[in-house]
Amino acid sequence: MRNYSKIIFNDCPALRIVMWGAVAVCLAVQVGIEIACWGNPQLSECGQHIQLAAQAYGEGGYPSMSNLYDSYLLAPVLVNWLVLQQWLLGTMQLNGVFNILFNLLIFYEIYFLGKRVFNRPTAMLGVTFYALLYSTWTSAWPTATEVPFLALCLSGVSLALSRRWWGVLLAGVLLGVGNGIRGVAVVYLPTIMGLMLWRKARVGEMALGLLAMGAIVIATGCWIEARTGYFHVTSTTSGLNMLISANDKADGSLPTDFCDTTLTDMRIDNEDGLNYAAKDSAWTARSTQWIKAHPGRWAGLAVKKLGIMYFHDVTFDAYINPNYDGGYMSAKKEEKSYWAIIGERVPKSLVYYAVITLVIMSLWRHRHELLAPHGECRKYGLTPKGYLLLIPIVGTLATLAFQTMARYHYPFLPVMCLWAAYYFTRPSREDPAAIREKLLNSRHHD
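A brief structural summary. None of the values given here were measured: they were computed from a predicted structure.

## Quick look at the packing of helix α4 (residues 95–118) against helix α7 (residues 146–159)
Packed helix pairs are characterised by how far apart their axes lie and by the angle those axes make with each other.
Inference 1: The N-to-C vectors of α4 and α7 enclose an angle of 30°; their axes lie 9 Å apart at closest approach. Considered as vectors, α4 and α7 are oriented roughly parallel to each other. For the element pair α4 and α7, the recorded crossing hand is left-handed. Across the interface between the two elements, N99, F102, N103, L105, I106, E109, I110, F112 and L113 of α4 pack against V147, P148, L150, A151, L154, S155, V157 and S158 of α7.
Inference 2: Looking at side-chain class alone, the contact of α4 with α7 contains 12 nonpolar, four polar and one charged residues.

Next up, the structure:
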């Protein structure tokens, strides 16, 4: 017998209208920012991506031997995506348009996962929350890693629920490509494996997805090795990022004087004569040595890092506003008090704070729905809702090993929005058969 939860609100046309209205507003804002910023220089890492792609266009791709003595490799798949745009379209200015399309895909995947794992009203409300977030509004124009990475990995999670072998294969491919943009795609694997376990996927299916992801990761590494002589599968910024939060001046964040003093303090002897791989190894060794000498102090920074990571939702202003007082990512900085900064960021984050609050309330209200029903816990461990929650949990824990910024919570927002929306559903106890039936009954990707 089905024992689906009773919904406080009905699956009424009004909720659908609200969802589409929020999506329309979001897209209108994104298009408006794209028009207003057209032709403006990209700031910070976004500018680096553009510069690297412009250089790589004449060298057959990124990286090449001309990048051998760079400080690090930076998002190789994203840079080559920009190179491809330049080759096909003659410009990289349309990257924001592609990001808008990626955002549409993210909306779709939130709806699909919400309907499959929770229920249809939760799916619609989750899309609404995501569409009203300030970070979503401002995410399209910057040539940053967040939007394509999230679109690829979230699609991978959805495709892993497919009953077709090619869906699982494509899920692995997408995660492998996403890993070449940001090396944390692996945090989605526990969720994917858990959801496949619940739908009783065969071992061969799981192996197919893992092999597909591994093949793309290895192919990326072979490409980089053929171009530079060193095998790396993604960005090589981990050593530096770890060192930023593992030194005597570390406070868990990216210092506002990063370019002026902090980076100078981290100089390596004969640095100009070292290639990017040697620099990454040196930074990793130095940070590891500091952590071993100060384990308590390093662990104590985790709480502050967590606060920095989730403090506000002004994720992309540093890439759009040249006067943004956000540290090294500013084209020019204005001296502002903490209260002025808070007054600027808190109003833009009100929807985000509402989502955070609802997530906490929802987790408490539905705490009994996280573990598999009695008698099934040994077999499945968590429920699909619990496995979905592993994305922000595992991702956050992985991020705390490095310096943190507010933008690092961005890949976890879809799951957070769904759990926030689920607060408005009455708690229930679904039997395993009903859970599995809901996971399988969908036309999406099948």
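## Comments concerning the nonpolar core
Inference 1: I106, F129, Y130, Y188, V355 and M416 are the most contacted members of the largest nonpolar core, which totals 83 residues.
Inference 2: Those residues in contact with Y130, other than ones at most four positions away along the chain, are N103, I106, F107, I110, T136, L150, Y410, L413, P414 and C417.
Inference 3: L52, L68, L74 and Y276 belong to the second-largest nonpolar core, a separate cluster that totals 14 residues.

## Concerning unusual backbone geometry
Inference 1: Between Y62 and the following residue, P63, the backbone shows a cis peptide bond with an omega angle of -5°.
Inference 2: Structurally, P63 is set in the loop between α2 (44–57) and α3 (76–89).
Inference 3: The backbone of S44 shows a phi angle near 55°, a positive value even though the residue is not glycine.
Inference 4: A positive phi angle, close to 60°, is found at K200, a residue other than glycine.

## Considering helix α19 (residues 384–399)
Inference 1: Taking 1.5 Å as the rise per residue, α19 with 16 residues should run 22 Å; its terminal C-alpha atoms sit 23 Å apart, in good agreement.
Inference 2: In the structure, α19 departs most strongly from a straight axis at L390, where the bend amounts to approximately 30° and where the proline P392 lies between one and four residues downstream.
Inference 3: With 12 of 16 residues buried, α19 is to be regarded as a mostly interior element.
Inference 4: What α19 keeps buried is the set P384, K385, G386, Y387, L388, L389, L390, I391, P392, G395, T396 and T399.

Parameters and conventions
- Residues numbered from 1 in each chain as written.
- Predicted model: local features only at pLDDT ≥ 70, side-chain atom pairs only at ≥ 80, totals over all residues.
- Heavy atoms only, no water.
- Axes fitted to C-alpha atoms, helices over the stretch in contact; angles between N-to-C directions.
- Helix = DSSP H or I, 4+ residues; strand = E, 2+ residues; numbered from the N terminus.
- Parallel < 35°, antiparallel > 145°, perpendicular 65-115°, else oblique.
- Left-handed = near helix turned anticlockwise from the far one by under 90°.
- Contact = heavy atoms within 4.5 Å.
- Nonpolar A, V, L, I, M, F, W, Y, C, P; charged D, E, K, R; others polar.
- Core = buried A, V, L, I, M, F, W, Y, C linked by side-chain atoms within 4.5 Å.
- Buried < 20%, exposed > 50% of the residue type's maximum accessible area, 1.4 Å probe, protein only.
- Expected span 1.5 Å × (residues − 1).
- Bend = angle between axes of the 7 residues up to and from the residue.

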